[in-house]
Every structure is written in structure tokens, then in C-alpha cells.
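What follows is the residue order along each chain.
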Amino acid sequence: MNKNKYQHITDTELLNRFYAGHDNEWLGILLERYTMLLLGVSMKYLKNEEEAKDAVQQVFLKVINELHKYKVEYFKSWIYMIAKNHCLMKLRDKGRFNAEINDRALSEAVEPETTNNFIEKDKTLDNLAGALLQLNKEQQQCVTLFYLEKKSYQEIAQQSSFSIMQVKSHIQNGKRNLKIIMDRMSGGNES
Amino acid sequence: MSDDLKDILSNLNKDIEQEKLLDYLNKKLSAAEAHEVEKQMADDEFMNDAVEGLEHFKNKQNLSLLVDQLNSDLKKHTAKKKKQKEKRKLKDQPWLYITILIILLLIIIGFVLIKKHLD
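Keep in mind the model is a prediction, meaning the values are calculated, not measured.

**Here we look at the overall build of chain B**
So, point 1. Scanning chain B from N- to C-terminus turns up 6 helices and 0 strands.
So, point 2. Counting helices and strands in the order they occur from the N terminus, chain B gives α-α-α-α-α-α.

**Let's talk about helix 6 (residues 94-118) of chain B**
So, point 1. In this model, helix 6 of chain B (25 residues) spans 36 Å end to end at C-alpha, consistent with the 36 Å of a helix rising 1.5 Å per residue.
So, point 2. Along helix 6 of chain B, only 0 of the 25 residues are buried, which leaves the element largely exposed.

**Some words on the packing of helix 4 (residues 35-46) of chain A against helix 5 (residues 49-66) of chain A**
Residue and element names in this part refer to chain A.
So, point 1. Direction vectors running N to C along helix 4 and helix 5 enclose 130°, while the axes themselves pass 8 Å from each other. In terms of orientation, helix 4 and helix 5 fall into the oblique class. Helix-helix and strand crossings are classified by hand; for helix 4 and helix 5 the assignment is right-handed. Residue-level contacts link Thr35, Leu38, Leu39, Ser42, Met43 and Leu46 of helix 4 to Glu49, Glu51, Ala52, Ala55, Val56 and Val59 of helix 5.
So, point 2. Here the residues of the contact of helix 4 with helix 5 are counted per class, giving 8 nonpolar, 2 polar and 2 charged.

**Some words on the nonpolar core**
So, point 1. Judged by nonpolar contacts, the single largest core of 58 residues is most densely connected at Leu30, Leu37, Leu38, Val41 and Val56 of chain A.
So, point 2. Tallying contributions element by element places helix 4 of chain A first for this core, with 8 residues.

**Remarks on the environment of Ala83 of chain A**
Residues and elements named next belong to chain A.
So, point 1. When you line up the elements, Ala83 lands in helix 6 (residues 75-93).
So, point 2. Along the chain, Ala83 and Lys62 lie 21 residues apart, while their C-alpha atoms are 9.7 Å from each other.
So, point 3. Those residues in contact with Ala83 that sit more than four places away from it in its chain are Leu38, Val41, Ser42 and Val59.

**Describing helix 6 of chain A**
The periodicity of an α-helix, 3.6 residues per turn, causes residues three or four positions apart to be oriented the same way.
So, point 1. End to end, helix 6 of chain A covers 27 Å across 19 residues, agreeing with the expected 27 Å (1.5 Å per residue, within 8%).
So, point 2. Here helix 6 of chain A has its buried residues at Phe75, Trp78, Ile79, Tyr80, Ala83, Lys84, His86 and Cys87 of chain A.
So, point 3. Packing partners of the buried residues in helix 6 of chain A comprise helix 2 (11-21), helix 3 (24-32), helix 4 and helix 5 of chain A together with helix 4 (45-54) of chain B.
So, point 4. Gly95 of chain A sits one or two residues past helix 6 of chain A and shows a positive phi near 75°.

**Some thoughts on unusual backbone geometry**
So, point 1. Here the phi dihedral of Lys47 of chain A falls at roughly 55°; this positive angle occurs in a residue that is not glycine.
So, point 2. Residue position: Lys47 of chain A is located in the loop between helix 4 and helix 5.
So, point 3. The partly exposed category is assigned to Lys47 of chain A, around which 13 C-beta atoms lie within 10 Å.
So, point 4. Although it is not a glycine, Lys27 of chain B sits at a positive phi angle of roughly 55°.
So, point 5. Its place among the elements puts Lys27 of chain B in the loop between helix 2 (18-25) and helix 3 (31-43).
So, point 6. Assessed through the 9 C-beta atoms surrounding it within 10 Å, Lys27 of chain B is described here as exposed.

**What to know about the packing of helix 4 of chain A against helix 4 of chain B**
So, point 1. Two numbers describe how helix 4 of chain A lies on helix 4 of chain B: the axes approach to 6 Å, and their chain directions differ by 70°. Taken together, the axes of helix 4 of chain A and helix 4 of chain B lie roughly perpendicular to each other. As helix 4 of chain A runs across helix 4 of chain B, the sense of the crossing is left-handed. Residues Leu37, Gly40, Val41, Ser42, Met43 and Lys44 of chain A of helix 4 of chain A pack against Phe46, Met47, Asp49, Ala50, Val51, Glu52, Gly53 and Leu54 of chain B of helix 4 of chain B.
So, point 2. Its residues assigned to classes, the contact of helix 4 of chain A with helix 4 of chain B comprises 8 nonpolar, 3 polar and 3 charged.

**Digging into the confidence of the model for chain A**
Residues and elements named next belong to chain A.
So, point 1. Looking at chain A, pLDDT values average 83 and 81% of them are 70 or higher.
So, point 2. At the level of individual helices and strands, chain A shows its lowest average pLDDT in helix 7 (residues 116-119), which scores 50, and its highest in helix 4, which scores 95.
So, point 3. In this model residues 99-105 is a low-confidence stretch, pLDDT under 50, and it forms 9 contacts with partners more than four residues away in sequence or in other chains.

Thresholds applied
- Residues numbered from 1 in each chain as written.
- Chains lettered and ligands numbered in written order.
- Predicted model: local features only at pLDDT ≥ 70, side-chain atom pairs only at ≥ 80, totals over all residues.
- Helix = DSSP H or I, 4+ residues; strand = E, 2+ residues; numbered from the N terminus.
- Expected span 1.5 Å × (residues − 1).
- Buried ≥ 20, exposed ≤ 12 C-beta atoms within 10 Å, placed from the backbone.
- Axes fitted to C-alpha atoms, helices over the stretch in contact; angles between N-to-C directions.
- Parallel < 35°, antiparallel > 145°, perpendicular 65-115°, else oblique.
- Left-handed = near helix turned anticlockwise from the far one by under 90°.
- Contact = placed C-beta atoms within 7 Å.
- Nonpolar A, V, L, I, M, F, W, Y, C, P; charged D, E, K, R; others polar.
- Core = buried A, V, L, I, M, F, W, Y, C linked by C-beta atoms within 7 Å.
- pLDDT = per-residue confidence, 0-100.

Below is the structure:
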């Protein structure tokens, strides 16, 4: 199967091969890697199985017809943005959502968020432990159980009084707040 | 402990394979494996949105069938364009015209020679 045959080739390499020869076969292999994720994203926004399926097909066509116009570096971030914007536009057309769609999104390749610069410094780990204590009780409990005790959402929900959705949200918000606190700490240290 | 702390800020997790994601949705993974998928979700907004959406599908067993269908539709589009390109390439091959021309010339020369010989 193609999927296995090309498994060793990275997204960037497939993208470069497509740009070099404008051979859509490479693009097809690359897109196949994201079919399920695209289906999920479309379903999240459109909440209808048929519409989600159509949306994925439309996103595929859009990418096939338009990718050659842009120099995309981070394909995964780019296609996520395309799919999300496509769904928001669909919702806006139906009047279900008043979205501001930014056309520039098509040409922008967003670098995946990376905070690994933090990691190399021992000091950062001390800061991180301190920052963890500054989170609210719920976030602190969920982040600790998830990252330090390696519990699944289900296990955390069983141990605490939270639902799985609440666990997920406490972890995401906790992680975001940790980064904010860390940024503030590193800003304070520099000045 | 410090390695675990690093995990909170690290976004270096490898992409989760489709099969594993399906097993996660069908609740077939152990707690430790589910944690690995969830760690990826916490780091990756794309995957997090996707899992939220995939959980809305009534029949999750059919998801892989649906994905295969979408992929085979996709192949029709990517393969068609390639075929068209190949056809165009064939039209652009100059040796084809040169060969036809040489064959025609040989027939004419042969015809003239035979005619002269008969006369």
C-alpha cells in the first residue's frame, strides 16, 4: 500500500517533490496522511457527517488547485488553517457563525509552536515547578496528574470530581497559564 | 521528575498513527497508551480539534471505511492530472513526428526507385 511505501518520507520531502515537478501524486500521498484529522476537524465545526465528508473533499480540491501558488513550509499547520477557515466560512454562509475569515491565511505558513528553548536551562525547571504552584487548584491537580503521574483523562476524571471535558479543559488552560507565568518569569529575570 | 516537568513545555511528540487514533476513539487502548495520545492532543490543536470532531461520529467502527473512501476519491483527482500531463507529454514528443516523416520519405523514395526500375 502507498501509505507504507512512502512512510519513511517526511512531509517536507513530499512537499519539496511536489514543488519540484508539480506532480500531484506526491501531494496525494501527503494529503492522505491528514484525511482522518481533516474529517475530525470538519465534524467538530459542521456537526454533520455528510457535510464533514464534503468539506474534506472540498479542502482536498482547494489544496490541489492552490498549493502551487504558495510556498508552504509547515504543511500540517497550513492545512489545518485551510480546513478550519473552510468550515468557518461554511458556517458563516449558513448564518450559524459570524466569522471573520482572513484571506491572508492562505499564504501564511505558521511555524508550529515550540517552546523547547526553555528546556535547556536548569533554571527553567525550577521556574516551572514554582509556576505550577501558582495555578489554580483544579488546573494544578489535573496538570500534575496528567504530566507528572502520566494518568489518562479517564483516570483523572475517576480520581477527581471532574468530567472528562473538564479535565481536558483544566489541562489545556493550565498548560497555557504555565507558559504565561514562565514568560513573565523569564522577562523579569532578564530585566 | 525534571524529565516529566519538561513534558509540559515540550511539543516534540511524534505524530500518532491513524490506527492508534482509531483504537483510542474505540476505547481499545490501555491507560498508558491513552495517556500518550492525550499528551499529543494537549500539544497539538489540530489533533485536539480532530479528536473532538471524530468523537461525534455515531459509528466509529466505520471511520476507517470513510477515510478509505475519501482517499480513493482523492486518488482519482491526483492520478487524473498526472495522466493528462503524460498525454500532453506524448503530444510534445518530437521523435514521433520525425519517425513518421522518415517512414513517409522512405515510402516515397522506394516508390520512385521501383517506378524507375520498372520504366
